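Below, each chain spelled out in residue letters.
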Amino acid sequence: MGFRTLVDESGQLAGPVLQGHVAELLDGGVVTVLVPSARAALEVRRALADVAIALRVDVATPRAWFESLWARHGDGRPIATSSQMRALTWGLLGDDGLLRRSPGMVELVARVAEQPVPEGAEEAPGLSAVQREVLRLASKVCQRAARHGLAVPGRLLAADPSLVSEARRMVAVGFTSLDPLTEALFRALPETGLTLVCAAPPGAAGEAARLVVQELGGCVADAPCGSRPIMRNPWLQTLLDTVFTDAPALNPDGSLVLLEAGGPEAEGELIARALVQLADEGAERVALVTRDPERSWRELSPKLSSRGMAVCGSWSQPASSLRPVRQFLAFARQVSDLMAVEESWGPLETLRQLVDGSDDSAELEGQLQEALSASVEADRSWWPPRAIVDFLMTLPALVPAARVFRLDEQWRSDRSLAPGDVIAELATLGQGSEPFSRCLERIRAADFGAAAEALLPLAAAARNRDQHRALLAVATTAREAEALVDSAALAPVERLDLLGRALEGRSVTRSVERGRFDEEPRCTVELVSPSDAAMLRQGSADALLMVGETAEEAPVPGARFREGTFGQLMEAIGLSSPIPAEATARATAWGAWAVPTGRLVLERSLHDEKANETQLSPMAAELLSAVAEGSPHEVLGEERISENLSAKGMRPEPVVTEEDSRPGQLSPGHARVLVAREDLASDTLDASSLPVVSATAVERYLECPRRWFFEKALRPRELDAAVTPLAKGNLVHRALELSHRRARQEGGDAGAYVGECFDRLVLEGMAGAEEGAGAVPHSLAEERGLAELRQNLQDVAAFESERFRGFVPRHFEAGFGFEGPPVTCGGAHVVGFIDRVDADADGRAIVVDYKNKQDQSVFREYGGPSKPVPLEEWVPRHIQALLYAKVLPQLWPDLEPSGAVYLMTGAHRGLWGIVSPTVAPRVYGPSLTSRREGLLTTENLGGAPFSEVLDRAEEVVAQAVRAMESGDVAPRPCDPRLCDGCPVVGCERRR
């Protein structure tokens, strides 16, 4: 004789069959109804309350009911939670050492330990060595749990099934699959005490429920049947009756709709529009079935609330997947790591040892090599400290967002940043906040639970309920986990790993709600998972929308691989579910399809996140195959990005409107802003005021207006500081300046000091000084680059020693135009920095501009073969040094411009430019005799005086400034090689 069985052929979870049977049992006392999930329990309670029989009925999941029974009649031990089982497993794997302590292995062993595995299961035939080891470890986990005073339900049932033998008036309903613990519990119940209510519609949709009854020894064929159809759309009722059968396809009537998004970015807007349409047609309640409720809530709630609809939902997820939990753990790990290396961090320790080093240049070079090696070998995986910045952004009660952004920019731009610098900044924040200060203290003590608990006041002050719940979960889980493991012997990183694994086993429930509080919502949309949707009362929603109906998002795996390694192991020891995965999937899908009374909508994306084409999910394909072609079909592409991402689905109002739409042309007003000072607002510009330009900007514009526009207006740059050409150039400039100054003060040649000056700059930069900080190496390649740069400088110094005879460096890195009297040239205010000005005893001056470029553009213009050019036709590309020479008398009236040259400081050394013939032999030295054909003097420009050459350069500057002001940004590269590395990827002139 098997369990008593009743069948509800309408497929209702809590229909008249269940209600009538519970009413009968109530005459004998309290009735217990077992259901597969918490959502099913809620729906059953509501249904029983509707018929006034809920007062003496206990509705619970099998595990919850057993835990309640154990609490009343057990031996006093508490039931071990999944979080505690993972903590015990983590500790065992670390002690045992036979299996790696990986997240997957911790989860596998902990899950197996929770199942009703019989004694000696590891000796079953056909097991692999790893499977036997997993079973052995699972038994040891249960033994450790017992030593800590914890009880494991699965092992309790396996050891003593009589624990539930006295149960009476038990009813089970809604089960379409059996996990090992549920099956063991049902088999342990007395046959006379359990009734199985089989909510199974005829055909394949009810196969899973019937198989569950048969597996437990019940008989469906002779069971009493009952049914009370729900009032729904007749076409939908016919579809439910014929799906999964060979019946002829139904003619569509609009009750089934398919939505297809071009890609993931269009899904939110497509779903929102469909829900608005349903609301317009009179739908008051819509169930939205999603496998990723967090994403659906994030993307849909702002769209729906802005369109007058309310959104709500409740779902469970591992605590480890909560964003605030992930952010805190990452913050704690990074702070703990930085604290551990704060005092002994490689580069800092090496620099401390070098503070009292010798002034001898040879010894200094060796010290530099030692410091560079320490810098390269140091673990900089923490730089920049992103995890710290991300977490600080969640604490507005501690630090304003604007300050966090400044900190982020400061840390990202500092290549010499040391762990102690970050910790000191955090300590400064802690001085104004006792909770944060206490948090840092507990992190230093590796007490991460207490650190999370210390931050609770800050989360409460910010009214951040999600963060408060997450920190509380971390604090509680940490106390539980560390009580089960010898935490005193654990390193901080091990404590964090233990905490992370334990949080994976803690389930938290998120309940969310968003709507229009100033008016009644047009419609209420509830987010539910597919399994919860199957538990909803039939006819409880006007419409149902299932999202993510692709084969990847909603697969139906084969029975053997349904649960991967765990499922295979359970099958090997005879504890696997006997219900085919396909039957369970059909039952779940049918249960969801039976919820709406008027409209059923399916949604899928035609392409996934990698732009690969997708296929319909198996269940959606079966449903659509039951309907003839012609069902309503709506498509939305991803091309209209702004509308798809907008809360209201509308294109945002433009902030700036460009009047002139000709390619390569800006409006005059916008062009004026572009070439003006950055601290002037567009509405304060005076039409009569001169534009402000730099010599570098004019040179870049002459090279290519389009590239200049993108690099100046858009300023593409990396977030994290790199050893850029600019950083290298600054280091070169400063080293050359210091070496020349020492040569003037101490005598001798600058080449004797340049290596030592370079070494000191790099060492000071590594110690935190601004100069040289941009070139601190983080890799072997960057270290080799610095060594090459140092050698280049020494070669340049030797190269210089044979040139500039009779000239002495007078000014270095001379800034002008930023303060004091304005400096004008070509109808514009000019600003800039002159690298160097050399002068002889007669006041003749040479402007020297350093170039570290590896290309040969300067040589091709000035040093290569050239024919004489009429001065009025000459348009110099490299005009920076000439412009500096032109404004020289405005800065130093006692100096007479006599030349403008470029000193190449890279691997290709050279000295190129234009000088007056009277000083050319002294300036160029050997370069003049070896390159007579080059444009090195004014002779190839018609023999004009140098002053007229500068006047021509000013004319070119004036033309460029007028073009800038007019908004001419058409692509005109003066050299095809400029297109290499240009940020304007879509330029029509790109070669």
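Residues numbered from 1 in each chain as written. Predicted model: local features only at pLDDT ≥ 70, side-chain atom pairs only at ≥ 80, totals over all residues. Heavy atoms only, no water.

A.B. asks: Which parts of the structure should I look at to understand the overall build of the chain?
C.D. replies: In terms of regular secondary structure, the chain is built from 39 helices and 21 strands. Within the chain, the proportion of its 991 residues that are buried is 53%. Of the contacts made within the chain by residues no fewer than 6 positions apart, 75% connect residues no fewer than 24 positions apart. As displayed, the chain has an accessible area near 44200 Å², and 51% of this comes from carbon and sulfur atoms. (Helix = DSSP H or I, 4+ residues; strand = E, 2+ residues; numbered from the N terminus. Buried < 20%, exposed > 50% of the residue type's maximum accessible area, 1.4 Å probe, protein only. Contact = heavy atoms within 4.5 Å. Areas by Shrake-Rupley, 256 points an atom, 1.4 Å probe, with all protein chains shown as cover.)

A.B. asks: It is not clear to me how the packing of helix α13 (residues 323–341) against helix α23 (residues 492–504) should be interpreted in this structure. Could you clarify?
C.D. replies: The description of two packed helices rests on the angle between their axes and on the distance between the axes. Viewed as axis vectors pointing N to C, α13 and α23 meet at an angle of 170 degrees, and their least axial separation amounts to 10 Å. Taken together, α13 and α23 sit at an angle that is classed as roughly antiparallel. Across the interface between the two elements, Val325, Leu329, Ala332, Arg333 and Ser336 from α13 touch Pro492, Val493, Leu496, Asp497, Leu499, Gly500 and Leu503 from α23. Along the lines of polarity and charge, the residues of the contact of α13 with α23 split into eight nonpolar, two polar and two charged. (Axes fitted to C-alpha atoms, helices over the stretch in contact; angles between N-to-C directions. Parallel < 35°, antiparallel > 145°, perpendicular 65-115°, else oblique. Nonpolar A, V, L, I, M, F, W, Y, C, P; charged D, E, K, R; others polar.)

A.B. asks: Looking at this model, I keep getting lost on empty space enclosed by the protein. Mind explaining?
C.D. replies: Once rolled over the atoms, a probe with the size of a water molecule shows which space is left empty. With the rule as written, the count across this model stands at four cavities of 30 Å³ or more. Its volume calculated, the largest cavity comes out at about 80 Å³. Along its surface, the largest cavity is lined by twelve residues, and Cys704, Pro973, Cys979, Cys982 and Cys987 are the ones closest to its centre. Looking at the lining of the largest cavity residue by residue, the classes come out as eight nonpolar, no polar and four charged. (1 Å grid on protein atoms, 1.4 Å probe; cavity = no way out; pocket = protein on both sides within 12 Å on 5 of 7 lines; lining within 4 Å. Points joined across faces, edges and corners; volume = space filled by probe spheres on them.)

A.B. asks: Whenever I open this one, the side chain of threonine 477 confuses me. Can you help?
C.D. replies: Within the element layout of this structure, threonine 477 appears in helix α22 (residues 465–484). Within the local environment of threonine 477, its side chain forms a polar contact with the side chain of arginine 506, the two groups lying 2.5 Å apart. For threonine 477, the contacting residues outside a window of four places in its chain are Ser83, Leu499, Ala502, Leu503 and Arg506. (Polar contact = N/O pair within 3.5 Å; in protein donor to acceptor, adjacent residues only side chain to side chain.)

A.B. asks: What's the story with the environment of glycine 906 in this structure? I'm lost.
C.D. replies: Relative to the elements of secondary structure, glycine 906 occurs in the loop between β20 (896–904) and β21 (910–915). Classification of glycine 906 as buried rests on a relative accessible area of 0%.

A.B. asks: Would you mind showing me how to read the packing of helix α36 (residues 880–891) against helix α39 (residues 946–966) here?
C.D. replies: Following both chains from N to C, one finds α36 and α39 inclined at 115 degrees, their axes separated by 9 Å at the closest point. Compared by their axis directions, α36 and α39 come out roughly perpendicular. α39 is crossed by α36, and the crossing has left-handed handedness. Residues Leu882, Leu883, Ala885 and Lys886 of α36 lie in contact with α39, whose contacting residues are Phe946, Val949, Leu950, Asp951, Ala953, Glu954 and Val957. Here the contact of α36 with α39 is built from residues that sort into eight nonpolar, no polar and three charged. (Left-handed = near helix turned anticlockwise from the far one by under 90°.)

A.B. asks: I would appreciate a short explanation of the pattern of salt bridges in the present structure.
C.D. replies: Pairs can form between side chains of opposite charge once their charged atoms are near each other. Scanning all chains against the criterion turns up 57 salt bridges. One salt bridge in this structure joins arginine 187 and glutamate 183, with 2.9 Å as the shortest N-O distance. Placement of the pair is arginine 187 and glutamate 183 together in helix α8 (residues 180–188), with a separation of four residues, close to one helical turn. According to the relative accessible area criterion, arginine 187 is partly exposed, its value standing at 44%. The closest approach of N and O atoms between glutamate 737 and arginine 741, which form a salt bridge, is 3.0 Å. Taken together, the positions of glutamate 737 and arginine 741, both in helix α32 (residues 725–746) and four residues apart, correspond to about one turn of that helix. (Salt bridge = Lys/Arg side-chain N within 4 Å of Asp/Glu carboxyl O.)

A.B. asks: Sorry, what's going on with the sheet that holds strand β14 (residues 633–636) here?
C.D. replies: Think of a sheet as strands paired side by side through backbone hydrogen bonds, with each pair either parallel or antiparallel. On the basis of which strands lie adjacent, the open sheet formed by eight strands has the order β10-β9-β11-β8-β12-β13-β7-β14 and mixed pairing. Strands at the two margins of the open sheet, each flanked by one partner only, are β10 (507–514) and β14. Each strand axis lies, on average, 15 degrees off the axis of its neighbour in the sheet, ignoring direction. Two strands pair when backbone bridges link them, and strand β9 (residues 310–318) and β10 are joined in this way by eight bridges, in the antiparallel orientation. Looking at β10, one finds that cysteine 312 is bridged to glutamate 513. (Pairing = 2+ DSSP bridges.)

A.B. asks: How should the packing of aromatic side chains be read in this particular structure?
C.D. replies: Any aromatic ring pair is given by two values, namely how distant the centres are and how the planes are angled relative to each other. Scanning the entire structure with this criterion turns up nine aromatic pairs. Aromatic pair phenylalanine 328 and phenylalanine 391: ring centres 5.9 Å apart, planes at 65 degrees, arrangement edge-to-face. Here phenylalanine 328 is found in helix α13, whereas its partner phenylalanine 391 is found in helix α16 (residues 386–392), with 63 residues between them in sequence. The same class applies to phenylalanine 328 as to phenylalanine 391, namely buried. Taken together, Phe328, Phe331, Phe391 and Phe436 form an aromatic cluster joined through their ring pairs. Cation over ring: arginine 101 sits above tryptophan 90, and NZ or CZ is 3.4 Å from the ring centre. Between the NZ or CZ atom of arginine 803 and the centre of the ring of phenylalanine 799, over which it lies, the distance is 3.6 Å. (Phe/Tyr/Trp six-rings, centres within 6.5 Å; stacked < 30°, edge-to-face > 60°. Lys NZ or Arg CZ within 6 Å of the ring centre and 35° of its normal.)

A.B. asks: How do you make sense of the confidence of the model for the chain when you look at a structure like this?
C.D. replies: The predicted structure's coordinates, where accompanied by low pLDDT, should not be read in detail. Here the chain averages 86 in pLDDT, while 89% of its residues score no lower than 70. Overall, residues 677–687 carries pLDDT values under 50, and its contacts beyond four positions in sequence, including any with other chains, amount to eleven contacts. (pLDDT = per-residue confidence, 0-100.)

A.B. asks: Sorry, what's going on with the nonpolar core here?
C.D. replies: Proteins that are soluble and globular tend to have nonpolar side chains buried together. In this structure, Ile834, Ile846, Leu882, Val901 and Val923 are the most contacted members of the largest nonpolar core, which totals 86 residues. Sorting elements by how many residues they give to this core places α39 first, with ten residues. In contact with valine 901, not counting residues within four places along its chain, are Phe804, Ile846, Val847, Val848, Asp849, Ala881, Leu911, Trp912, Gly913, Val915, Val923 and Tyr924. In this structure, Trp345, Trp411, Leu429 and Ala446 belong to the second largest nonpolar core, which totals 51 residues. (Core = buried A, V, L, I, M, F, W, Y, C linked by side-chain atoms within 4.5 Å.)

A.B. asks: Please explain helix α2 (residues 38–50) as it appears in this structure.
C.D. replies: For the α-helix, the turn length of 3.6 residues means that residues three or four positions removed from each other point alike. Here α2 spans 19 Å end to end across 13 residues, near enough to the 18 Å set by a 1.5 Å rise per residue. The set of residues buried in α2 consists of Arg39, Ala40, Ala41, Glu43, Val44, Ala47 and Leu48. Elements that come into contact with the buried residues of α2 comprise α1 (16–25), β2 (31–34), β3 (57–60), β8 (285–289), β11 (524–528) and α24 (530–533). In the stretch just after α2, alanine 52 is the one whose phi turns positive, near 60 degrees. (Expected span 1.5 Å × (residues − 1).)

A.B. asks: Please explain unusual backbone geometry as it appears in this structure.
C.D. replies: Note: most residues except glycine have negative phi, and most peptide bonds are trans. Here the bond from tryptophan 383 into proline 384 is cis, since omega is -10 degrees, no more than 30 degrees from zero. In this structure, proline 384 sits in the loop between α15 (361–377) and α16. In this structure, alanine 446 takes a positive phi of about 60 degrees despite not being glycine. Structurally, alanine 446 is set in the loop between α19 (434–444) and α20 (448–454). A relative accessible area of 7% places alanine 446 in the buried class. Although it is not a glycine, alanine 611 adopts a positive phi angle of roughly 70 degrees.

A.B. asks: Whenever I open this one, a negative patch on the surface confuses me. Can you help?
C.D. replies: Taken together, the side chains of Glu265, Asp292, Glu552, Glu553, Glu609, Glu638 and Glu639 define an acidic patch exposed on the protein surface. Within the fold, glutamate 552 resides in the loop between β12 (541–546) and α25 (564–572). Note on glutamate 552: relative accessible area 63%, which makes it exposed. (Patch = residues over 30% accessible without salt bridge, like charges linked within 9 Å, V, L, I, M, F, W, Y side chains within 5 Å. Lys, Arg positive; Asp, Glu negative; His and termini not counted. Charge placed at Lys NZ, Arg CZ, Asp CG, Glu CD.)

A.B. asks: I would appreciate a short explanation of helix α18 (residues 419–431) in the present structure.
C.D. replies: In a regular helix each residue adds 1.5 Å, so 13 residues correspond to 18 Å; α18 covers 19 Å between its end C-alpha atoms and thus fits that length. For α18, the full list of buried residues reads Pro419, Gly420, Val422, Ile423, Glu425, Leu426, Leu429 and Gly430. Of the surrounding elements, those touching the buried residues of α18 are α13, α16, α17 (401–412) and α19.

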